[in-house]
Amino acid sequence: MIYVETLWIRSENLSKAVAYLRQGEVVAFPTETVYGLGADATNDQAVQKIYQAKGRPSDNPLIVHLYDKKQVTLFTDSIPKKAEQLMAAFWPGPLTIILPHTTDRAAKSVTAGLNTIGLRMPSHPLALELLEASDIPLAAPSANISGKPSPTSAEHVWHDLKDKVAAVVDGGETGVGLESTVIDLTNEQEPTILRPGGVSKEEIESVIGPVKMNSQFIEGDTRPKAPGMKYRHYSPDKPVYVVDNNWDYYVAKMLKSGEKIGILASDKIIHQHAESAYGVFSLGKDNDVTVASQLLYKGLRYFDDSDVTVILAQAFPKEGMGVAYMNRLEKAAGVN
Ligand code: TXA
Ligand code: MG
């Protein structure tokens, strides 16, 4: 569908967004992780518009967003104790919990044929306000064209989806910058993180004990547990190289082959190599992976719209938020 004019909605005009959602239209809105593209999770026609607008493969299920823990029972009668503990500890916040979908309440296209459902209560005040004012559980993937880096500002959404969605609610820049952690609790004995994100494995384990990590394809199976993880993701159009402490080597190599280098790194690295760079984008003053995570997608998008021909991006240790950061960066680089 082509919308003649996508509406840009400021926070004080949220009622317009509510009206669109009630009519079965799609509306982009801010969350604390990235912008989401929302539609009524119980209305199949509305949800299909999300897949159309994004160009998203239909076998990739959507997360349903809630404003109140009580809404979980709309979708499942089976809430294990560990799920309750995680909700108490991390909701509202960047954690998606996969549970059995036992009520048949979500539209078919939300679960993409699975008998499970991903649920999350975001903490962004505008997201909560929208969910509560509409009183509609919203199915919402990240509000980007499928395969591109997720949007961390309303301008990013506009760039990708103008004229493809009814409205974009502007809530400024998001906070976390990377998508929520997805944890599968359909088997309570074996809680498994399917996608690392804003809540770390260690934080989760401090509440429910040991969890497994499986953000890769399941061995011997072509179908990964979180279907979305199999697609090339988060990727700009330019080649991305993940650079650890071998900056001199990479910079020299790229210069030699005539590349226009874009450096995506903390200020210290940028200063060391600024003369060889065609463009730079700072991931923060210090080597702080929390700040780098907030800026990663913005930087990838910045270089996509610039004349650089390759992007050299800073690696961080794979611990805490660094696990999610490296997961997204390696996907952008096509490493896994
Ligand atoms: O932070 C976020 O989670 C953002 C904001 C908008 O909430 N949303 C987001 O949605 O990142 P999306 O669609 O881009 O990623 C959802 C991921 C996909 O990898 C999908 O396959 C997985 O969650 N997923 C959703 N429902 C699932 C289910 N029932 N079983 C397994 N994986 C599921
Ligand atoms: Mg996404």
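Everything below is about the structure printed above this text.
Basis of the calculations
- Residues numbered from 1 in each chain as written.
- Chains lettered and ligands numbered in written order.
- Predicted model: local features only at pLDDT ≥ 70, side-chain atom pairs only at ≥ 80, totals over all residues.
- Heavy atoms only, no water.
- Axes fitted to C-alpha atoms, helices over the stretch in contact; angles between N-to-C directions.
- Helix = DSSP H or I, 4+ residues; strand = E, 2+ residues; numbered from the N terminus.
- Parallel < 35°, antiparallel > 145°, perpendicular 65-115°, else oblique.
- Left-handed = near helix turned anticlockwise from the far one by under 90°.
- Contact = heavy atoms within 4.5 Å.
- Nonpolar A, V, L, I, M, F, W, Y, C, P; charged D, E, K, R; others polar.
- Pairing = 2+ DSSP bridges.
- Phe/Tyr/Trp six-rings, centres within 6.5 Å; stacked < 30°, edge-to-face > 60°.
- Buried < 20%, exposed > 50% of the residue type's maximum accessible area, 1.4 Å probe, protein only.

A few words now on the packing of helix H3 (residues 81-90) against helix H7 (residues 201-208). Two quantities define a packed helix pair, namely the angle between the helix axes and the distance between the axes. Between H3 and H7, whose axes approach to 9 Å, the crossing angle comes to 120°. Judged by the inter-axis angle, H3 sits oblique to H7. H7 is crossed by H3, and the crossing has right-handed handedness. Touching Lys82, Gln85, Leu86, Ala89 and Phe90 of H3 are Glu203, Ile204, Val207 and Ile208, all from H7. Among the residues forming the contact of H3 with H7, the class breakdown is 6 nonpolar, 1 polar and 2 charged.

Now for the sheet that holds strand E4 (residues 63-65). Pairing is mixed across the open sheet formed by 11 strands, whose spatial order is E1-E8-E2-E3-E7-E4-E6-E5-E9-E10-E11. For this open sheet the edge positions go to strand E1 (7-10) and strand E11 (212-213), each flanked by a neighbour on one side alone. Of the pairings in the sheet, the one linking strand E9 (residues 181-184) to strand E10 (residues 192-195) comprises 3 bridges and is antiparallel in character. By the bridge assignment for E10, aspartate 184 is matched with threonine 192.

Evaluated as defined, the whole model comprises 6 aromatic pairs. With a centroid separation of 5.3 Å and 75° between ring planes, the pair formed by tryptophan 8 and tryptophan 158 is classed as edge-to-face. Of this pair, tryptophan 8 sits in strand E1 while tryptophan 158 sits in helix H6 (residues 154-161), and the two are 150 residues apart along the sequence. We classify tryptophan 8 as partly exposed; its relative accessible area is 27%. Judged by relative accessible area, which is 25%, tryptophan 158 ranks as partly exposed. Look at tyrosine 241 and tyrosine 250: their rings are 5.9 Å apart centre to centre, the planes differ by 45°, and that puts the pair in the tilted class. Under the relative-accessibility criterion, tyrosine 241 is labelled partly exposed at 31%.

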